[in-house]
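Structural overview
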Amino acid sequence: EAGVAQSPRYKIIEKRQSVAFWCNPISGHATLYWYQQILGQGPKLLIQFQNNGVVDDSQLPKDRFSAERLKGVDSTLKIQPAKLEDSAVYLCASESSGALGSPLHFGNGTRLTVT
Amino acid sequence: GQNIDQPTEMTATEGAIVQINCTYQTSGFNGLFWYQQHAGEAPTFLSYNVLDGLEEKGRFSSFLSRSKGYSYLLLKELQMKDSASYLCVARGGGFKTIFGAGTRLFVKA
C-alpha cells in the first residue's frame, strides 16, 4: 500500500510571500488532516476533511491559511501571506475511518522556513 | 477543556525499561493512541487502547485507565534506535484527535 505523499519536502520563502503544499492520501482514505508542527511541540490540527467536506477548521488562521480537497482525494494547503511564525513542518495525514481504532497515517511533511 | 500532559524529556540506559506516562482530559472518549516520531520524520503508529488494561506488542506495551484519565507506554529492552519522541494522542467525542506535546526519550549506552 502506497503511503501518504506530500510535496515539496522543503520550502524556503520570505515573509509576505505565498506558498502551497500538496498532499495525496492513501487510496480509499476518506478522512484527511493537515497539521502544523513547530519544533519541539506536538502536531496542531489545522483542518480536517471528511471526503471533500470540512469537519473541523476551528484552529485554521483563516485570514492567511486556506485548504481545499477537491473531489475528495488530493488536498492543497496555502499560506498567503506567510509570517515568520509560520516556520514549521506541515504534516498531512489520512485515515480510513469507520473503525474506532483506525490510526492516522502521516506523510513525511513539508518543512517550511520563512525568512 | 481538552488537554494532554506528558513529561517533556526522559533519559534511560540501553537494555533497561522505561515508562512514559500520560494524563488526558477530553470531552467524550474514543481511545488513546501512542505514536513514535524520530527527529525529522513523520509520526508512526505504535498502539491503541480503548478498554482498561494492558496491551502488549513485542517490546512495547500500553496501558489505559479510563477512570483515571491515565495511560502509559512501556518500552522494554531499550535499544539506541528507540531514541525518539513519543506522542500521547487522545481521541475524544466526535472522533476529534488531540495530540500531546510529546516526550523526548534519550537512550544512552
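Residues numbered from 1 in each chain as written. Chains lettered and ligands numbered in written order. Predicted model: local features only at pLDDT ≥ 70, side-chain atom pairs only at ≥ 80, totals over all residues. Heavy atoms only, no water.

**Points about unusual backbone geometry**
Trans peptide bonds make up most of the peptide bonds, and negative phi angles are found at most residues other than glycine. Omega for the bond connecting A:Ser7 with A:Pro8 falls within 30 degrees of zero, at -5°, which places this linkage in the cis form. Position of A:Pro8 among the secondary structure elements: in the loop between β1 (5-7) and β2 (10-13). Omega for the bond connecting A:Gln80 with A:Pro81 falls within 30 degrees of zero, at -5°, which places this linkage in the cis form. Its place among the elements puts A:Pro81 in the loop between β8 (75-79) and β9 (88-95). Unusually for a residue other than glycine, B:Glu77 sits at a positive phi of about 45°. Looking at B:Glu77, the relative accessible area reads 53%, which means it is exposed. (Helix = DSSP H or I, 4+ residues; strand = E, 2+ residues; numbered from the N terminus. Buried < 20%, exposed > 50% of the residue type's maximum accessible area, 1.4 Å probe, protein only.)

**Description of the environment of B:Ser83**
Residue and element names in this part refer to chain B. By secondary structure assignment, the location of Ser83 is in the loop between β8 (70-75) and β9 (84-91). According to the relative accessible area criterion, Ser83 is partly exposed, its value standing at 26%. Sequence separation between Ser83 and Lys96 is 13 residues, and the spatial gap between their C-alpha atoms is 28 Å. Apart from the residues lying within four places of it in its own chain, the contact partners of Ser83 are His38, Leu105, Phe106 and Val107. (Contact = heavy atoms within 4.5 Å.)

**Remarks on the interface of chain A and chain B**
Residue-level contacts link 21 residues of chain A with 18 residues of chain B. Both faces combined, the contact of chain A with chain B buries some 1,500 Å², and carbon together with sulfur accounts for 56% of it. Counting the contacts that link chain A with chain B gives 2 salt bridges. The salt bridge involving A:Glu95 is made with B:Arg91; its shortest N-O contact spans 3.1 Å. Where the side of chain A that touches chain B is concerned, the elements lending two or more residues are β4 (31-37) and β9 of chain A. Among the elements that take part in the side of chain A that touches chain B, β4(A) stands out by supplying 3 residues, more than any other. Taken together, the residues of the side of chain A that touches chain B break down into 9 nonpolar, 8 polar and 4 charged. (Buried area = accessible area lost by both parts, 1.4 Å probe. Salt bridge = Lys/Arg side-chain N within 4 Å of Asp/Glu carboxyl O. Nonpolar A, V, L, I, M, F, W, Y, C, P; charged D, E, K, R; others polar.)

**A closer look at the sheet that holds strand β3 (residues 18-25) of chain B**
Residues and elements named next belong to chain B. Sheet architecture is open: 5 strands sit in the order β1-β3-β8-β7-β6, paired in antiparallel fashion. At either margin of the open sheet sits one strand with a lone partner, and together these are β1 (3-5) and β6 (53-57). Taking the axes of each pair of neighbouring strands and ignoring which way they run, one obtains an average angle of 15° across the sheet. Pairing analysis gives 6 bridges linking β3 to β8, with the strands arranged antiparallel. Within the sheet, the bridge partner assigned to Ile20 lies in β8 and is Leu73. (Pairing = 2+ DSSP bridges. Axes fitted to C-alpha atoms, helices over the stretch in contact; angles between N-to-C directions.)

**Observations concerning the pairing of strand β5 (residues 44-50) of chain A**
All names here are of chain A. Counted residue by residue, β5 has 5 buried out of 7 residues, so it is predominantly covered. In terms of strand pairing, β5 meets strand β6 (residues 53-56) through 3 bridges, oriented antiparallel. Note on β6: the bridge partner recorded for Phe49 is Val54. Connecting β5 to the next strand, β6, in antiparallel fashion are 2 residues, including Asn51 with a positive phi near 55°.

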